[in-house]
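Chains, contacts and geometry: an overview
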Amino acid sequence: GGECGAGVPAGDEDEFAAATGAVCGALADVDPNAPELILVAVGDDANEEAAFEALLRDGVTRLGLKGRVLVATTSSRASSAALAAGVKSVALVASNDGARPSRPSKSARLSSTALKWLAARIVLSRGWPTLLLDPRTALIRDPSRYFSRDSDVEVASDGWDDVTAYGYDNVVDDPEMDWSRFCHGGRVLTSDPGFALLMPTEESAKLAGLVFGRVVAEAARVSPERLRSDLSDAAEGAADADFEHLAFNEALFLPSHGAYVSPGVTRRTLNYMCFANSKHVFRFLRKDRRFKDRAEHAPVAVRLSYHPNEPNRLDDVYAYYLKGTSGALNGWGDGVGRVKGGDAGGAGSKACAQSGSLRPGQGTDEARNSELASRLATNPNWSWGGVTPFVFEPGGALSTPWGPGEWGFVPAPDGPGKVIAKFVGTPHVLSFETAGEGAGAVRNGMFVSERCTDGDMIVGRIYAELTDEDRKKLASARGG
């Protein structure tokens, strides 16, 4: 239906009436000519509030988006900041005791996450295309003109390259099945509910209603545990975000089965270079020879999905891409926190500095390298940025389509888990990682290569047995 408040679960009308009324009232102040409504839900965690203030200052106000934004929040600080910035559409929702404290009661079932999906269902029912925007986002450009608007949902990926973002053919091998041993299936990383455009379709509204219902039910289930545990705002927010991520992706991906009926949305994955997550930016983009150049590439938006508790990273993202502050990103580690001396990668890294003393096969007999050495002995064939074959030969020889090379382990203390590979006269440092998740995870099943001359980044993965075509490539590269 098109009436305000559609989608509120039966039996919860009293509990959610105030929230529904606040959202409906705030809708009246949204620019009716806006191409889409930007829905920002803000909770009471201090890091989230700080990130929201940066989004208002450096994103919304700078880009002139105030008339498109609807802020749905349980935080009086966030509400005040939005109104002070000139955002008129603000829905401040209290806890279920009727008061408006700075922090809602733990017994309140309407968390900021539930409020977000309730508001999304209401807004979609009113016919608005709706961009769900997590406050921990740096908006570099107005995202509106970058959407295709050909699917129910256009959503940012948690992936960092073509394979992880867009998927690949995942083959399961069961030798007991003889000729039918290989079973093919698709595998792709999850999507980010913190940056998703939902078109006003029946399917999108069903998805919003489904996620809202699951978030509310989960909050009711864990509420007694949280009262006993006295969790902090940050811990509660992290738990809510984890469950939202699960519920959203199951609504996107799972087919109808048994009593479960899928919302049936069509999905488009946004370009991971343009709508980047913080792993892609800090692990890869800032070190890549070409794409770290602001004149060559600047994302439309950067989601702090891998570093949600470090809002100061957003300040440095803005400083780098908007103010041209060279090296603004390099004071942060790939993972948590800042790093002493910076982390720009390339020739400045300690591992690259040791590449000149590479001895083929070095370190293969050291106990600290035994696990990775075993992996390379068992699975010598790899891909290099999707190009095959890339073969770690016994004794430190390297076979590639570009000619022979040599490899060995990075000496202590910068190992283990790192290999120096040198071919075409250029050293690269390969950092090995676990590929996949859960039961299908493979330790040391992928590597990230960093070229020492300029920091160019490449991802490599375990490859199957060499084909006749692969052998021809290697023979040609050797000049044979």
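Throughout what follows, the structure given in this document is the object of discussion. In this text the structure is predicted, and so the values were computed from the model without any measurement. (Residues numbered from 1 in each chain as written. Predicted model: local features only at pLDDT ≥ 70, side-chain atom pairs only at ≥ 80, totals over all residues. Heavy atoms only, no water.)

**Side note on helix α3 (residues 76-84)**
- Residues of α3 that are buried include every one of A78, S79, A81 and A82, and no others. One side of α3 holds all its buried residues, which, seen down the axis, span an arc of 165°.
- Here α3 starts with a cap whose side-chain oxygen sits 3.3 Å from the backbone nitrogen of R77, and that cap is S75.
- G86 lies just past α3 and shows a positive phi near 100°. (Buried < 20%, exposed > 50% of the residue type's maximum accessible area, 1.4 Å probe, protein only. Helix = DSSP H or I, 4+ residues; strand = E, 2+ residues; numbered from the N terminus. Arc of directions from axis to C-beta. Polar contact = N/O pair within 3.5 Å; in protein donor to acceptor, adjacent residues only side chain to side chain.)

**Brief notes about a nonpolar patch on the surface**
- Taken together, the side chains of V387, W402 and V424 present a nonpolar region at the surface, about 280 Å² in accessible area.
- Residue position: V387 is located in strand β14 (residues 387-392). (Patch = residues over 30% accessible without salt bridge, like charges linked within 9 Å, V, L, I, M, F, W, Y side chains within 5 Å. Areas by Shrake-Rupley, 256 points an atom, 1.4 Å probe, with all protein chains shown as cover. Salt bridge = Lys/Arg side-chain N within 4 Å of Asp/Glu carboxyl O.)

**A look at the side chain of S204**
- Of note, S204 is situated in helix α6 (residues 202-229).
- With sequence-adjacent residues up to four places away left out, S204 is seen in contact with L124, D152, V153, L198, M199 and V265. (Contact = heavy atoms within 4.5 Å.)

**Brief notes about the packing of aromatic side chains**
- As enumerated under the stated definition, the model contains 22 aromatic pairs in all.
- Ring plane angle 70° and centroid distance 5.5 Å describe the contact between F16 and F212, whose orientation is recorded as edge-to-face. With F16 in helix α1 (residues 13-27) and F212 in helix α6, this residue pair connects regions lying 196 residues apart in the sequence. F212 shares its class with F16; the two are buried.
- A centroid spacing of 6.0 Å and a plane angle of 15° characterise the contact between F147 and F275, whose relative ring orientation is stacked. Taken together, the residues F147 in the loop between β5 (137-139) and β6 (153-157) and F275 in strand β11 (residues 275-277) connect sequence positions 128 residues apart.
- Of the residues examined, F147 reaches a relative accessible area of 8% and is grouped as buried.
- Taking the relative accessible area as the measure of exposure, F275 reaches 5% and is therefore buried.
- Through a chain of ring-to-ring contacts, the aromatic side chains of W382, W384, F390, F392, W402, W407, F409, F423, F432 and F447 assemble into a single cluster.
- Here the guanidinium or amino end of R283 rests over the ring plane of F284, the centre of that ring lying 5.5 Å away.
- When the ring centre of F282 is taken as reference, the NZ or CZ atom of R313 above it lies at 4.5 Å. (Phe/Tyr/Trp six-rings, centres within 6.5 Å; stacked < 30°, edge-to-face > 60°. Lys NZ or Arg CZ within 6 Å of the ring centre and 35° of its normal.)

**A word on the pairing of strand β20 (residues 457-462)**
- One ladder, built from 3 bridges, connects strand β13 (residues 381-384) with β20; its direction is antiparallel. For S383, the partnering residue across the bridge sits in β20 and is R461.
- Pairing analysis gives 5 bridges linking strand β19 (residues 442-451) to β20, with the strands arranged antiparallel. Note that in β20 the partner of V448 across the bridge is V459.
- In this antiparallel pair of consecutive strands, β19 and β20, the connection spans 5 residues, and G455 shows a positive phi of 80°. (Pairing = 2+ DSSP bridges.)

**What to know about helix α9 (residues 312-321)**
- In terms of burial, α9 is largely enclosed, as 8 of its 10 residues are buried.
- Along α9, the positions that sit buried rather than exposed are R313, L314, D316, V317, Y318, A319, Y320 and Y321.
- Along its buried surface, α9 packs onto α2 (46-63), β5, α8 (278-284) and β12 (301-303).

**Observations regarding the layout of surface pockets**
- Roughly 1400 Å³ of volume is contained in the largest pocket.
- Taken together, 40 residues make up the lining of the largest pocket; nearest its centre are Y168, N170, V171, R461 and I462.
- Of all the secondary structure elements, the ones that give two or more residues to the lining of the largest pocket are α5 (162-166), β7 (168-173), β8 (182-187), α11 (370-378), β13, β18 (426-435), β19 and β20.
- For the lining of the largest pocket, the leading source of residues is β7, giving 6 residues. (1 Å grid on protein atoms, 1.4 Å probe; cavity = no way out; pocket = protein on both sides within 12 Å on 5 of 7 lines; lining within 4 Å. Points joined across faces, edges and corners; volume = space filled by probe spheres on them.)

**Brief notes about the sheet that holds strand β16 (residues 403-409)**
- Strand order in the closed barrel formed by 8 strands is β13-β14-β15-β16-β17-β18-β19-β20, and the pairing between neighbours is antiparallel. Pairs of neighbouring strands in the sheet enclose a mean axial angle of 30°, with direction left out of account.
- In this sheet, strand β17 (residues 418-423) lies alongside β16 in antiparallel orientation, the contact comprising 5 bridges. When the sheet's bridge partners are listed, W407 is paired in β17 with A421.
- Running over the sheet, α11 touches β13, β14, β16, β17, β18, β19 and β20 and is turned about 90° from β19. (Axes fitted to C-alpha atoms, helices over the stretch in contact; angles between N-to-C directions.)

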